[in-house]
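One letter stands for each residue in the lines below.
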There are 2 protein chains.
Amino acid sequence: MVQNKAFLYKAVPDGWPVPGKDLSVEDIGFDETAPPPPGGFTTKNLYATYDPSQRGRMRDPSIKSYTPAMTVGKPVVSVHVLGKVLKSDTPKIKEGAIVLIKGYYTEEYSAVPESALDRTAVIDPKPGVPLTAYLGALGMTGMTAYGSLHEIGQPKPGDVILVSAAAGAVGQTVGQIAVQEGLHVIGSVGDDRKLDFIINELGFTSGFNYKKENISDAVKRLAPDGIDIYYDNVGGELLDVALQNMKDFGRIVACGTISTYNNSGASGAYGVKNYSSVVRKRLRWQGFIVYDPNIIRWEKERDEKVARWIADGSFKSVDFFTHGIDHAVDGFLGMLKGENLGKSILKIADP
Amino acid sequence: MVQNKAFLYKAVPDGWPVPGKDLSVEDIGFDETAPPPPGGFTTKNLYATYDPSQRGRMRDPSIKSYTPAMTVGKPVVSVHVLGKVLKSDTPKIKEGAIVLIKGYYTEEYSAVPESALDRTAVIDPKPGVPLTAYLGALGMTGMTAYGSLHEIGQPKPGDVILVSAAAGAVGQTVGQIAVQEGLHVIGSVGDDRKLDFIINELGFTSGFNYKKENISDAVKRLAPDGIDIYYDNVGGELLDVALQNMKDFGRIVACGTISTYNNSGASGAYGVKNYSSVVRKRLRWQGFIVYDPNIIRWEKERDEKVARWIADGSFKSVDFFTHGIDHAVDGFLGMLKGENLGKSILKIADP
Ligand SMILES: NC(=O)c1ccc[n+]([C@@H]2O[C@H](COP(=O)([O-])OP(=O)(O)OC[C@H]3O[C@@H](n4cnc5c(N)ncnc54)[C@H](OP(=O)(O)O)[C@@H]3O)[C@@H](O)[C@H]2O)c1
Ligand SMILES: NC(=O)c1ccc[n+]([C@@H]2O[C@H](COP(=O)([O-])OP(=O)(O)OC[C@H]3O[C@@H](n4cnc5c(N)ncnc54)[C@H](OP(=O)(O)O)[C@@H]3O)[C@@H](O)[C@H]2O)c1
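Definitions and cut-offs
Residues numbered from 1 in each chain as written. Chains lettered and ligands numbered in written order. Predicted model: local features only at pLDDT ≥ 70, side-chain atom pairs only at ≥ 80, totals over all residues. Heavy atoms only, no water. Buried < 20%, exposed > 50% of the residue type's maximum accessible area, 1.4 Å probe, protein only. Helix = DSSP H or I, 4+ residues; strand = E, 2+ residues; numbered from the N terminus. Right-handed = clockwise from strand over helix to strand, strands pointing away. Pairing = 2+ DSSP bridges. Near = heavy atom within 4 Å. Polar contact = N/O pair within 3.5 Å; in protein donor to acceptor, adjacent residues only side chain to side chain. Areas by Shrake-Rupley, 256 points an atom, 1.4 Å probe, with all protein chains shown as cover. Domains from an automatic or database assignment. Contact = heavy atoms within 4.5 Å. Buried area = accessible area lost by both parts, 1.4 Å probe. Salt bridge = Lys/Arg side-chain N within 4 Å of Asp/Glu carboxyl O. Nonpolar A, V, L, I, M, F, W, Y, C, P; charged D, E, K, R; others polar. Axes fitted to C-alpha atoms, helices over the stretch in contact; angles between N-to-C directions.

What to know about the pairing of strand E9 (residues 184-189) of chain B
Residues and elements named next belong to chain B.
- In terms of residue burial, E9 counts as a mostly covered element, since five of its six residues are buried.
- One crossover worth recording links strand E8 (residues 160-163) to the parallel E9 by way of helix H3 (residues 169-180), and it is right-handed.
- Summarising the sheet, E9 and strand E10 (residues 206-209) pair through four bridges and their orientation is parallel. Its bridge partner being in E10, Ile186 is matched across the sheet by Ser206.
- Note that the unit made of E9, helix H4 (residues 192-201) and E10 has a crossover that is right-handed.

What follows is the structure, encoded as structure tokens:
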């Protein structure tokens, strides 16, 4: 037995998750002498992603949703775990390979059963593409951004796009894709450092800090002729302001409503008033989940284009690391608070 | 000169239109001895439609919208005026013809200029189809219903559709089309007589009176497995309840928000809370205006199918008459209050 620290899910949070009570880091042990599970493999894990959707899975299992509830007492399920294979009982996966496992436990060592093989990919990074890009722009986050922007947003060069949570994982990916494709890209962020970053490092056309400037004034100032595409990660007041400032036949890509995730109960929810714009302006407001067929069908195109842009230096894979599984709870809460700039990643061990 | 009473637009209403101050009926005179306008024609008018969109055109002309503001001092513009031609200066329109003019004045006699020819159609009713059907199911109302239901709603036999303002002009048309196409059709109405009518006369599957029953309970009771299509004529609380009860991949056809039309200012507007369903359930929520190309492209199919259904007796053209132009103001306000059952029509003279 070796030490195997895991990021544990201990209880269903009521509102904001409480460290110690709802979430903790504990040693669950790993038998390094045991053979791999039949047909499966074992890993030493290097990275795990943090995603806001994890919060949605920390719920009473009787509440149905598109992803299953996590199991109390087990490690937190990450959207992607990236590990190095220790032992393998399947010819598909070689010892020493780097694997990306979808929807797996956040822990130092894993014994991965055969049943997880169809959500495991062997990673062979293209030249010029960092390993961690497969957790972000070339992972689920990038699929979310690329698929939905094209499927629902229908971008054309010159279109004005407003992106909320623009320095977050999805937001900065959407914004960079839009920059690549010749759109006029406006970002909304909650902090001046993020604002500087999206404009000066990522090439956004403009942006504003919604905590400092009146949102409605900012949108009118930066998009005086209106918005063609609103890429919505947050919901709430900015959604209302966007509705008021859409152009005719505009598209709203409904990706997430992070401003509502830690409200318990709907009674405190923000009420959107400008929904009559949907009729008057003939808007199309559409939601999606990254695993939907109409989103996933963009995967090949995403893989090719985004990898090429990263390799030629015109697109940044922006990682925001929490170093060491001991800090897993803080890293998770930090992401929920919006402390990250780019993709939130828990670094578990050096590659 | 003969008497020519007109339904006059006298001032921009602030909230609810005030009879006498904002709207009135007055004689504006008609010279029956004068020749028709060059290239135009004159009519004795038989019918004019009432439509909620007229309220939207009674606004300060500096406020832009998809239809122009009406002109203070002129007659109220109706969506359709149906008249008999008295004199004509164009070979396209013969004396004695029945014509349907889009967007024309509500008055007993009209001198129609050449410029209105492209919005004038000569009507030759098919056997078994009443003349007034061309003001409703075969007019703009029916185009609204048929085009948007198919373009945005994408109905399939067996789908559950909830229709609001279901006994109104658009609502009863949508509901009857859905019945014809094998959907499970639920109507929301504001009065028991309307409820009886949509179920027992129009063949809706079920319905409820939103003024008597808790809306959320009613929807859960009548659509326990959820809604595939919500056809929204009203906005407000029912929209919120619909959002909560949509099935995955459901469609919301955003036709109108009549519950908001007589609120002055947005501050009193209802705030929709359940918008996060758009993401979670991958809803498509889309607005339209009947004159949009994607709606109008259904015109030929609508003309054929709806006329056939009316002629074979399986589809009712439901007219709600206000008799005589002297009652034009009351008829208009009655429609805004929801007193109509079916298409509101001002009858000006016998055919
Ligand atoms: N539909 C899908 O399939 C799918 C897939 C992946 C992600 N998503 C959704 O996409 C959104 C972004 O995800 P992500 O991975 O990019 O997350 P992320 O990297 O954690 O970024 C989230 C950002 O949201 C902002 N934020 C946090 N709390 C907020 C609040 N109360 N009000 C307004 N903004 C707040 C913060 O930025 P600021 O400091 O700038 O406010 C934060 O950095 C989330 O809503 C997520 O659920 C959806
Ligand atoms: N997008 C387009 O191109 C287009 C074209 C035509 C019409 N529309 C819209 O479609 C909707 C219906 O038009 P229509 O011609 O069918 O009108 P209608 O025949 O006048 O029917 C409207 C019905 O709405 C209900 N209603 C009135 N005030 C209400 C309120 N405050 N809250 C809830 N319900 C109320 C009433 O029925 P109850 O007694 O049952 O409440 C009324 O009978 C309107 O919103 C209109 O603007 C849109």
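Re the site of ligand 2
- Around ligand 2, the structure places 28 residues, and the nearest of them are Ala169(B), Val170(B), Lys194(B), Tyr210(B) and Tyr261(B).
- One finds residues of chains A and B in close proximity to ligand 2.
- Between ligand 2 and Val170(B), the relevant distance is 2.7 Å, taken from an oxygen atom to a main-chain nitrogen or oxygen of the residue.
- The contact in question runs from an oxygen atom of ligand 2 to an N or O atom on the backbone of Asn233(B), over 2.9 Å.
- Protein contact buries 90% of the 910 Å² of open area that ligand 2 shows by itself.
- Contributing elements (two or more residues each) for the shell around ligand 2: helix H2 (140-153), H3 and helix H10 (328-337) of chain B.
- Each of domain 1 (5-136 + 317-347) and domain 2 (144-302) of chain B contributes no fewer than three residues to the shell around ligand 2.

A few points about the site of ligand 1
Residues and elements named next belong to chain A.
- With respect to spatial proximity, 27 residues lie near ligand 1, and among them Val170, Gly190, Lys194, Tyr210 and Asn340 are the closest.
- For ligand 1, an oxygen atom lies 2.7 Å from a polar atom in the backbone of Val170.
- Measuring from a nitrogen atom of ligand 1, one finds a backbone N or O atom of Phe288 at 2.9 Å.
- Relative to its free-state accessible area of 910 Å², ligand 1 is covered by the protein chains to the extent of 89%.

Thoughts on the interface of chain A and chain B
- Each partner contributes to the interface: chain A provides 32 residues, whereas chain B provides 32 residues.
- Interface of chain A and chain B: buried area, both sides summed, is about 2600 Å²; carbon and sulfur atoms make up 64% of it.
- When the buried surface of chain A facing chain B is broken down by residue, Tyr275(A), Val279(A) and Trp285(A) rank first, second and third, together holding 27% of it.
- Note that Arg282(A) is salt-bridged to Asp292(B), the shortest N-O span being 2.8 Å.
- At the surface where chain A touches chain B, the tally comes to eight residue pairs in polar contact (both at pLDDT 80 or more).
- Residues of the side of chain A that touches chain B, tallied by class, amount to 16 nonpolar, 11 polar and five charged.
- For strand E13 (residues 284-287) of chain A and strand E13 (residues 284-287) of chain B, the ladder comprises three bridges, and the chain directions are antiparallel. Paired with Trp285(A) across the two strands is Trp285(B), which belongs to E13(B).

Quick notes on the sheet that holds strand E10 (residues 206-209) of chain A
- Read from one edge of the open sheet, 12 strands run E10(A)-E9(A)-E8(A)-E11(A)-E12(A)-E13(A)-E13(B)-E12(B)-E11(B)-E8(B)-E9(B)-E10(B), paired in mixed fashion. Two strands lie at the open edges of the sheet, namely E10 of chain A together with E10 of chain B, each paired on one side alone. Geometrically, the sheet is characterised by an average inter-axis angle of 15 degrees between neighbouring strands, direction not taken into account.
- Pairing of strand E11 (residues 227-232) of chain A with strand E12 (residues 246-254) of chain A involves five bridges; the strand directions are parallel. Its bridge partner being in E12(A), Tyr230(A) is matched across the sheet by Ile252(A).

Looking at the domain arrangement of chain A
All names here are of chain A.
- For chain A, the domain assignment lists domain 1 (5-136 + 317-347) and domain 2 (144-302).
- The straight-line distance from the C-alpha centre of domain 1 to that of domain 2 is 28 Å.
- With 16 residues of domain 1 at the interface, the matching set in domain 2 holds 15 residues.
- Summed over both sides, the interface of domain 1 with domain 2 buries roughly 1300 Å², with 60% coming from carbon and sulfur.

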